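The lines below spell out each chain.
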Amino acid sequence: MEKLTPIIEILKRIIASGFIKNESPLSALLIAPVGAGKTTALKKFFINNNILVLSDVTPYGLTKLLPEIEAKNVKHLIIPDLVEPMSRSRPIVNSLIGFLNSLIEEGIFRISTAFIEIKKPIKLGLISSTTIDELKDRRRGWLGIGFISRMLPISFNYTNIDIAQILENIASGKYTDITYETLKLKEKEIKGNEEIFKQLIPYSEQIDYALSKERKVIPFRRQKQLQILLKSNALLNDRDEVTKEDLEWFKSVRYWINFDFNPL
């Protein structure tokens, strides 16, 4: 859907972050109501070799896929619906949380237990989605979970006028099938820009504003994530250094990089 274009463009940069030398791949959580098009947005990238798509995941299962991850140079793991793996038994969920906490931040360097053995370093970005209601459900307590709080939030909703128009388009046959995005990227070092990065500080402080009533959030991680996001935009535009163009692109999509569930 045309309305999802800014969300698609943000996801492109998230995926491109895996190809920036000396940086960790960004992780992102897509947050929107049921039926808003979260899975549609993610599906556009399923065909890329550097992405591993799993409907469900356990640390043990991911261990078995390590040869495929290494062979295809996988940079990101996509779990289309976060509810699926997070609805299993408490011991499995706790194990998964601990695993993903390490995986998307510092990376896993070595694990050896009765069920899991990882001998080679592994670091992947995680991209997933959930609904507004699931994220806010206090019984789940997702907002306090480490790996979820480390994911860059991408939230969106639709106005009533947009919903009516989209329904008319579907009824009249204007709704088109999904088209896939193939990103052909090579690893590259991107130089930052201190003056431009300083201009990101107010936005880093605002991203978690919707959570401020829940808990105090220190914006250091967000600042680093936004800097990598600008580097990703430079990479996609075949530049070696962050410029004002990257900042302007970010300003054009910043409205949806938050927990505020803004309408498209």
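For the structure, check the block above.
In this report, we go over the structure that sits alongside the text. Not measured: the values here are computed from a predicted model.

Reading the values: the criteria
- Residues numbered from 1 in each chain as written.
- Predicted model: local features only at pLDDT ≥ 70, side-chain atom pairs only at ≥ 80, totals over all residues.
- Heavy atoms only, no water.
- Helix = DSSP H or I, 4+ residues; strand = E, 2+ residues; numbered from the N terminus.
- Rg over C-alpha atoms; globule rule 2.2 N^0.38 Å.
- Buried < 20%, exposed > 50% of the residue type's maximum accessible area, 1.4 Å probe, protein only.
- Contact = heavy atoms within 4.5 Å.
- Areas by Shrake-Rupley, 256 points an atom, 1.4 Å probe, with all protein chains shown as cover.
- Lys, Arg positive; Asp, Glu negative; His and termini not counted.
- Charge placed at Lys NZ, Arg CZ, Asp CG, Glu CD.
- Axes fitted to C-alpha atoms, helices over the stretch in contact; angles between N-to-C directions.
- Parallel < 35°, antiparallel > 145°, perpendicular 65-115°, else oblique.
- Nonpolar A, V, L, I, M, F, W, Y, C, P; charged D, E, K, R; others polar.
- Salt bridge = Lys/Arg side-chain N within 4 Å of Asp/Glu carboxyl O.
- Arc of directions from axis to C-beta.
- Core = buried A, V, L, I, M, F, W, Y, C linked by side-chain atoms within 4.5 Å.
- Pairing = 2+ DSSP bridges.

What about the overall build of the protein chain?
Helix and strand content of the protein chain: twelve helices and seven strands. Taking 264 residues into account, the globule formula puts the C-alpha radius of gyration at 18 Å, and the protein chain, at 18 Å, falls close to it. In terms of overall dimensions, the protein chain has C-alpha extents of about 55 × 45 × 40 Å along its principal axes. When each of the 264 residues of the protein chain is scored for burial, the buried share is 51%. A separation threshold of at least 6 residues defines the contact pool for the protein chain, and within that pool the share at least 24 residues apart is 77%. Total accessible area on the protein chain is roughly 13700 Å²; 50% of this is exposed by carbon and sulfur atoms. Counting 38 positive and 32 negative side-chain charges, the protein chain places the averaged centre of each group 3 Å from the other.

A short note on the packing of helix α1 (residues 5–16) against helix α11 (residues 220–236)
Taken N-terminus to C-terminus, the directions of α1 and α11 make an angle of 95 degrees; their axes are 8 Å apart at the nearest point. Classified by the angle between their axes, α1 and α11 sit roughly perpendicular to one another. Side by side, α1 and α11 meet where Lys12, Arg13, Ile14 and Ala16 of the first sit next to Leu229, Ser232, Asn233, Leu235 and Leu236 of the second. When grouped by side-chain class, the residues that make up the contact of α1 with α11 number five nonpolar, two polar and two charged.

A closer look at the pattern of salt bridges
This model, assessed by the stated rule, comprises 18 salt bridges. Between aspartate 162 and lysine 3 there is a salt bridge whose closest N-O contact spans 3.4 Å. Of this pair, aspartate 162 sits in helix α8 (residues 160–171) while lysine 3 sits in the segment before α1; the two residues are 159 residues apart in sequence, bridging distant segments of the chain. Residue lysine 3 is classed as partly exposed on the basis of its relative accessible area, which comes to 31%. A salt bridge links glutamate 187 to lysine 75; its shortest N-O distance comes to 2.5 Å. Of this pair, glutamate 187 sits in the loop between α8 and α9 (194–198) while lysine 75 sits in the loop between α4 (66–71) and β3 (76–79), and the two are 112 residues apart along the sequence. For lysine 75, a relative accessible area of 9% gives the class buried. Sharing partners across several salt bridges, the network here consists of Glu9, Lys12, Arg13 and Glu181.

Some points on helix α12 (residues 244–253)
Every buried residue of α12 is accounted for by Asp246, Leu247, Trp249, Phe250 and Val253. Buried residues of α12, seen end-on, are gathered within an arc of 160 degrees and therefore sit on one face of the element. Exposed residues lying more than 90 degrees from the buried face of α12 are Lys244 and Glu245. Residues of α12 that are buried in the fold lie against α1, α9, α10 (201–206) and α11.

Section: unusual backbone geometry
Unlike most non-glycine residues, asparagine 22 shows phi in positive territory, near 65 degrees. Here asparagine 22 lies in the loop between α1 and β1 (28–31). Judged by its relative accessible area of 70%, asparagine 22 is exposed.

Side note on the nonpolar core
One finds Ile7, Leu11, Phe156, Leu229 and Phe250 to be the most contacted residues of the largest nonpolar core, which totals 48 residues. Mapped onto this core, the elements with two or more residues apiece are α1, β1, α2 (38–43), β7 (152–155), α9, α11 and α12. Counting residues per element, this core draws most heavily on α1, which supplies seven residues. If we skip the residues at most four places from it in the chain, phenylalanine 250 touches Leu200, Tyr203, Leu226, Leu229, Leu230 and Ile257. Membership of the second largest hydrophobic core comes to 35 residues, among which are Leu77, Met86, Ile132 and Leu211.

Focus: the sheet that holds strand β2 (residues 51–53)
Read from one edge to the other, the open sheet built from five strands follows the order β2-β3-β6-β1-β7, with strand pairing classed as parallel. The open sheet has two edge strands with one neighbour each: β2 and β7. The average undirected angle you get between the axes of adjacent strands in this sheet is 20 degrees. One ladder, built from four bridges, connects β1 with strand β6 (residues 125–130); its direction is parallel. By the bridge assignment, isoleucine 31 is partnered in β6 with threonine 130.

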